[in-house]
Amino acid sequence: MEQVVAYVKAALAQLSGAGPEARGWSERGPQLAAFLLLAVGLWALAWIFKRLTFLLAGRLGGVARRRLAGVWDLLFWGGLLAVGSSVFGVGDPQRVVQAVLRLVFVYLVWVALEALIDHRLVRRGLDRNLVLLARYVAVTLLVVWGAYLVAGPEIAPIVGALGVLGLAVGLAAQDTFSNFIAGIILLMDRPFQIGDWVHIGEEYGQVEGLTLRTTRLRTPDNEYVAIPNSVVAGGEIKNLSAGGPLRLRVPVGVAYRHDTREVRKVLERVVAEHPSLLADPAPEVLVTGLGESSVDFTLVVWIPEREIPNYPVITAQLLEAAKIALDEAGIEIPFPQRTVWFPEPLRVIQETPSGG
């Protein structure tokens, strides 16, 4: 135990710049025990200060409290690294402490920026895509700044090495890079906002999030779909929420022998009785085609923005209600049929088999 206490004192002395050199490998057992003892002490201090932070920051939101409490997590892991460096004689513990304190400063700047973005930009109604872009830009700049604060002028060769490595990785991961560029384009072009209901290719759902790699939708079946940004940016996007109320066109066909005026009256009652449709703009029942087997009517109706997620269900309800109303009125909904005409009357010739 005396050796463990000696290593604890030596580690603390090294953190202050006055400790002895690291011992040989034969004494790693007491060194490990000293390290574990200091780690437990650091964890206890971090836990106590986190609790105090939660109590003192009670008026702040939950996210803000967690961000402030994260400072103590960062200090704990940084302190653990510094203690390990001093106990095992690896590296300069004083430089580790300086680097950790600089990272804590950068983290506090990020907390302040995040609070500014949430309380100023979001609450003032700025487009959420632009807010997301502002977050990405802020994080990128802070990462670069934090790397410079930690490494200083020595970061230049590191950046050069990362540039060569990045070129090799970029050639090996072209799809990921194209998704990254497409994500930036979508954030700047803003074909949709977070929360909009969209058709992207064959997928339909509400935009839940936009990362630098994928666009994420939640479908009406509560399925989460992640679509690569390159597919979204290069394909067709139908935004159903961008223009307010949505117009639906529901086709209905009836037989030619029925009076179109009577059919219109029946279908007008159908759209008038549906509770989800807007009265202004008024719904319309139009003859939109004379098909091969039917007179084609279209129910042109408008639904409010809050009903957009349910538009497939409303369409199905209108079709069912139209079928029931037409059946009750004795109006036929025909199926495809063909009438074949011959220029001359057909003659039937019956032949008797030979030997019959």
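Note that this is a predicted model, so its numbers are computed, not measured. (Residues numbered from 1 in each chain as written. Predicted model: local features only at pLDDT ≥ 70, side-chain atom pairs only at ≥ 80, totals over all residues. Heavy atoms only, no water.)

### So, the overall build of the protein chain
Then comes step 1: Helices and strands together make up the secondary structure of the protein chain, namely ten helices and eight strands.
Then comes step 2: Counting only residues that meet the buried cut, the protein chain has 32% of its 356 residues in that class.
Then comes step 3: As displayed, the protein chain offers around 22,900 Å² of accessible surface, 61% of which is attributable to carbon and sulfur atoms. (Helix = DSSP H or I, 4+ residues; strand = E, 2+ residues; numbered from the N terminus. Buried < 20%, exposed > 50% of the residue type's maximum accessible area, 1.4 Å probe, protein only. Areas by Shrake-Rupley, 256 points an atom, 1.4 Å probe, with all protein chains shown as cover.)

### Topic: the packing of helix α9 (residues 260-273) against helix α10 (residues 311-328)
Then comes step 1: As a packed pair, α9 and α10 sit with axes 9 Å apart at the nearest point and diverge in direction by 135°. Relative to α10, α9 is oriented oblique. Here the hand of the crossing between α9 and α10 comes out right-handed. Contact with α9, carried on its side by V263, V266, L267 and V270, involves L318, A321, A322, A325 and L326 of α10 and no other residues of that element. (Axes fitted to C-alpha atoms, helices over the stretch in contact; angles between N-to-C directions. Parallel < 35°, antiparallel > 145°, perpendicular 65-115°, else oblique. Left-handed = near helix turned anticlockwise from the far one by under 90°. Contact = heavy atoms within 4.5 Å.)

### Observations concerning the sheet that holds strand β3 (residues 214-218)
Then comes step 1: The antiparallel open sheet is built from five strands, whose spatial order is β4-β3-β2-β1-β5. The open sheet is flanked by β4 (224-228) and β5 (237-239), the only strands paired with a single partner. In this sheet, neighbouring strand axes are inclined to one another by 40° on average, regardless of whether the strands run parallel or antiparallel.
Then comes step 2: The pairing of strand β2 (residues 203-210) with β3 spans four bridges and is antiparallel. Opposite Q206, over in β3, you have R218 as the bridge partner. (Pairing = 2+ DSSP bridges.)

### Observations regarding the environment of H258
Then comes step 1: Locating H258 in the fold gives a position in the loop between β6 (246-254) and α9.
Then comes step 2: For the pair H258 and V295, spaced 37 residues apart in sequence, the C-alpha separation works out to 9.1 Å.
Then comes step 3: Excluding residues within four positions of it along the chain, H258 makes contact with V263, G330, I331 and E332.

### Concerning the sheet that holds strand β7 (residues 284-290)
Then comes step 1: Judged by pairing direction, the sheet is antiparallel, and its three strands sit side by side in the order β6-β8-β7 without closing on themselves. Each having just a single partner strand, β6 and β7 make up the two edges of the open sheet. Across this sheet, the average inter-strand angle for adjacent strands is 30°, counted without regard to direction.
Then comes step 2: Relative to strand β8 (residues 295-303), β6 runs antiparallel, the two sharing nine bridges. Paired with R247 across the strands is W302, a residue of β8.
Then comes step 3: Running over the sheet, α9 touches β6, β7 and β8 and is turned about 25° from β8.
Then comes step 4: Strand contacts of α10: β6 and β8, with the helix running at about 30° to β6, the strand carrying the most contacts.

### Observations regarding the nonpolar core
The tendency in soluble globular proteins is for nonpolar side chains to be buried side by side.
Then comes step 1: Membership of the largest hydrophobic core comes to 28 residues, with the highest contact counts inside it found for L267 and L326.
Then comes step 2: Those elements that place two or more of their residues in this core are β6, α9, β8 and α10.
Then comes step 3: If we skip the residues at most four places from it in the chain, L326 touches V252, V254, V263, V266, L267, I331 and I333.
Then comes step 4: Core analysis: the next-biggest nonpolar cluster, separate from the first, contains twelve residues, V207, L217, V225 and V232 among them. (Core = buried A, V, L, I, M, F, W, Y, C linked by side-chain atoms within 4.5 Å.)

### So, the confidence of the model for the protein chain
Then comes step 1: Mean pLDDT for the protein chain: 75, with 65% of residues reaching 70 or above.
Then comes step 2: This model gives residues 15-26 a pLDDT under 50, and the stretch forms 18 contacts once residues within four places in sequence are excluded. (pLDDT = per-residue confidence, 0-100.)

### Looking at a nonpolar patch on the surface
Then comes step 1: A grouping of W43, L45, W47, I48, F49, L52, L55 and L56 is seen on the molecular surface, where their side chains present a nonpolar patch of about 910 Å² in accessible area.
Then comes step 2: For W43, the location among the structural elements is in helix α2 (residues 28-56). (Patch = residues over 30% accessible without salt bridge, like charges linked within 9 Å, V, L, I, M, F, W, Y side chains within 5 Å. Salt bridge = Lys/Arg side-chain N within 4 Å of Asp/Glu carboxyl O.)

### A few points about the side chain of E307
Then comes step 1: Considering the arrangement of structural elements, one finds E307 in the loop between β8 and α10.
Then comes step 2: One buried charged side chain, E307, makes no salt bridge at all; its nearest oppositely charged neighbour is R306, positioned 4.3 Å away.
Then comes step 3: Setting aside residues no more than four positions away along its own chain, E307 makes contact with S276 and I314. (Lys, Arg positive; Asp, Glu negative; His and termini not counted.)

### Things to note about the side chain of S241
Then comes step 1: Its location among the elements puts S241 in the loop between β5 and β6.
Then comes step 2: Judged by its relative accessible area of 9%, S241 falls in the buried class.
Then comes step 3: Engagement of the side chain of S241 in a polar contact is seen with the backbone nitrogen of W197, the distance being 2.9 Å.
Then comes step 4: Those residues in contact with S241 that lie beyond four places of it in its chain are D196, W197, E305 and I308. (Polar contact = N/O pair within 3.5 Å; in protein donor to acceptor, adjacent residues only side chain to side chain.)

### Here we look at the packing of aromatic side chains
Then comes step 1: Scanning the entire structure with this criterion turns up two aromatic pairs.
Then comes step 2: Here W197 and Y204 contribute two aromatic rings whose centre-to-centre distance is 5.5 Å and whose plane-to-plane angle is 40°, an arrangement assigned as tilted. Assigned by exposure class, W197 and Y204 land together as buried.
Then comes step 3: Consider the rings of Y204 and Y311, whose centres lie 5.5 Å apart with planes at 85°: the pair is edge-to-face. Taken together, the residues Y204 in strand β2 and Y311 in helix α10 connect sequence positions 107 residues apart.
Then comes step 4: Exposure remark for Y204: the relative accessible area of 11% places this residue in the buried category.
Then comes step 5: An aromatic cluster is defined as three or more aromatic residues linked by ring pairs; in this entry it consists of W197, Y204 and Y311. (Phe/Tyr/Trp six-rings, centres within 6.5 Å; stacked < 30°, edge-to-face > 60°.)

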